[in-house]
Amino acid sequence: MPAHVASKQTVQVDMKSLSLLERFQSNRHALGFAFMLPAAILLIGLLAYPLGLGTWLGFTDTKIGRGGGWIGLENFTYLITDSVFQLSVFNTLFYTIVASIAKFLLGLWLALLLNKNLPFQSFFRAVVLLPWIVPTALSAIAFWWIYDSQFSVVSWALVKMGLIDTYIDFLGDPWLARMSVIIANVWRGIPFVAISLLAGLQTISPSYYEAASIDGATPWQQFRFITLPLLTPIIAVVMTFSVLFTFTDFQLIYVLTRGGPLNATHLMATLAFQRAIPGGSMGEGAAIATMMVPLLLAAIMFSYFGLQRRAWQQGADK
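Please read all numbers here as calculations on a predicted model, not as lab measurements.

J.: Describe in detail the side chain of Glu284, supporting the description with residues and values.
T.: As for its placement among the helices and strands, Glu284 is situated in helix α14 (residues 282–307). Using a relative accessible area of 13% as the deciding quantity, one classes Glu284 as buried. Among residues more than four places away in sequence, those in contact with Glu284 are Asn75, Tyr78, Leu79 and Arg275.

J.: Lay out unusual backbone geometry with the relevant residues and their values.
T.: Residues apart from glycine generally show negative phi values, whereas peptide bonds are mostly found in trans. The omega torsion of the bond from Gly260 to Pro261 falls at -5°, within 30 degrees of zero and hence cis. Inspection of the secondary structure puts Pro261 in the loop between α12 (251–256) and α13 (268–276). Positioned with a positive phi, Asn263 is a non-glycine residue whose angle comes to about 65°. If you trace the backbone, Asn263 turns up in the loop between α12 and α13. Overall, the relative accessible area of 27% leaves Asn263 in the partly exposed class.

J.: Requested: an account of empty space enclosed by the protein, with residues and values cited.
T.: A complete count under the given rule lists one cavity of 30 Å³ or more for this structure. Here the largest cavity defines a volume of roughly 50 Å³. Every residue along the wall of the largest cavity is listed here: Asn91, Phe94, Tyr95, Arg178, Val181, Ile182, Ile253, Ala264, Thr265 and Leu267. Sorting the residues of the lining of the largest cavity by element identifies α4 (83–114) and α9 (174–202) as the ones contributing at least two each. A class-by-class count of the residues in the lining of the largest cavity yields seven nonpolar, two polar and one charged.

J.: I'd love a proper account of the nonpolar core, names of residues and values included.
T.: If you look at the biggest cluster of nonpolar residues, it comprises 36 residues, and the most contacted ones within it are Tyr95, Leu197 and Leu256. Top contributing element to this core by residue count: α9, with 11 residues. Not counting residues up to four positions away in its chain, the partners in contact with Tyr95 are Val181, Ile182, Asn185, Thr246, Asp249, Leu252, Ile253 and Leu267. Counting residues in each nonpolar core, the second largest holds 11 residues, with Phe76, Ala287, Ile288 and Met292 among its members.

Cut-off values and rules
- Residues numbered from 1 in each chain as written.
- Predicted model: local features only at pLDDT ≥ 70, side-chain atom pairs only at ≥ 80, totals over all residues.
- Heavy atoms only, no water.
- Helix = DSSP H or I, 4+ residues; strand = E, 2+ residues; numbered from the N terminus.
- Buried < 20%, exposed > 50% of the residue type's maximum accessible area, 1.4 Å probe, protein only.
- Contact = heavy atoms within 4.5 Å.
- 1 Å grid on protein atoms, 1.4 Å probe; cavity = no way out; pocket = protein on both sides within 12 Å on 5 of 7 lines; lining within 4 Å.
- Points joined across faces, edges and corners; volume = space filled by probe spheres on them.
- Nonpolar A, V, L, I, M, F, W, Y, C, P; charged D, E, K, R; others polar.
- Core = buried A, V, L, I, M, F, W, Y, C linked by side-chain atoms within 4.5 Å.

Read these as layout, nothing more, since geometry by itself doesn't imply function.
What follows is the structure, encoded as structure tokens:
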């Protein structure tokens, strides 16, 4: 083949490849798919596959060290009648509801406070983040010392003030243990709620409050009819994440109580771990984890319907 003919064919191939590249770059759908592909592979490998594997294990009698066979719904039917699992469901719901409400109320109050023109405002905002930044295990160890039955600083202070005669066994009584782990979770979770709501407050224009003040609105009326409605979408997102973090909490409970006393602080997450790893029953532990999914989906739906309030903000009828 003559050299000039081969060169001409090479140029044609290069031009064809260039045109395909240009068409690919101009195609928004193809370009978007290409950018999303790495993240999709990561999500499938780290989230979708473990979720699918865990769901499949929940329908088997797999043990640590040996494979299992398909047993259908046996794990689930057993768990429904298991008193410890029933208690863990109650503990999880009680823990999640009480802690989430407390974190929201205290976080909203703190966000409103930090939104004011205070001296050393930046310093206080940074300090508020400290409980969230500290690793959960370290926070749990600190609370473990605070709640210790012999060396508790809380009990020591109350004894010195003459309010009690003996040290309180915070983690030895079932209901005291429940409230103790809730307090630890609230202390750790308030910064996330407060800073997120503070960011939402920063987006509300001061002109709304100026107009309301001119019309004679009280601070409570300004909060009720301006702050709260405009903050609703942020609240929906923040509370959804707060509920998810609280519902799936593991480290705090495991370090503080390991589910005790008498399984009084066992959450579904900690019970799933106990049955699957120390207990060796992978199938049963996976079944418990699988039964957490519907409740997590319910929390996500709560966020979705809460975000519909954006239509009200934009002037729609609903």
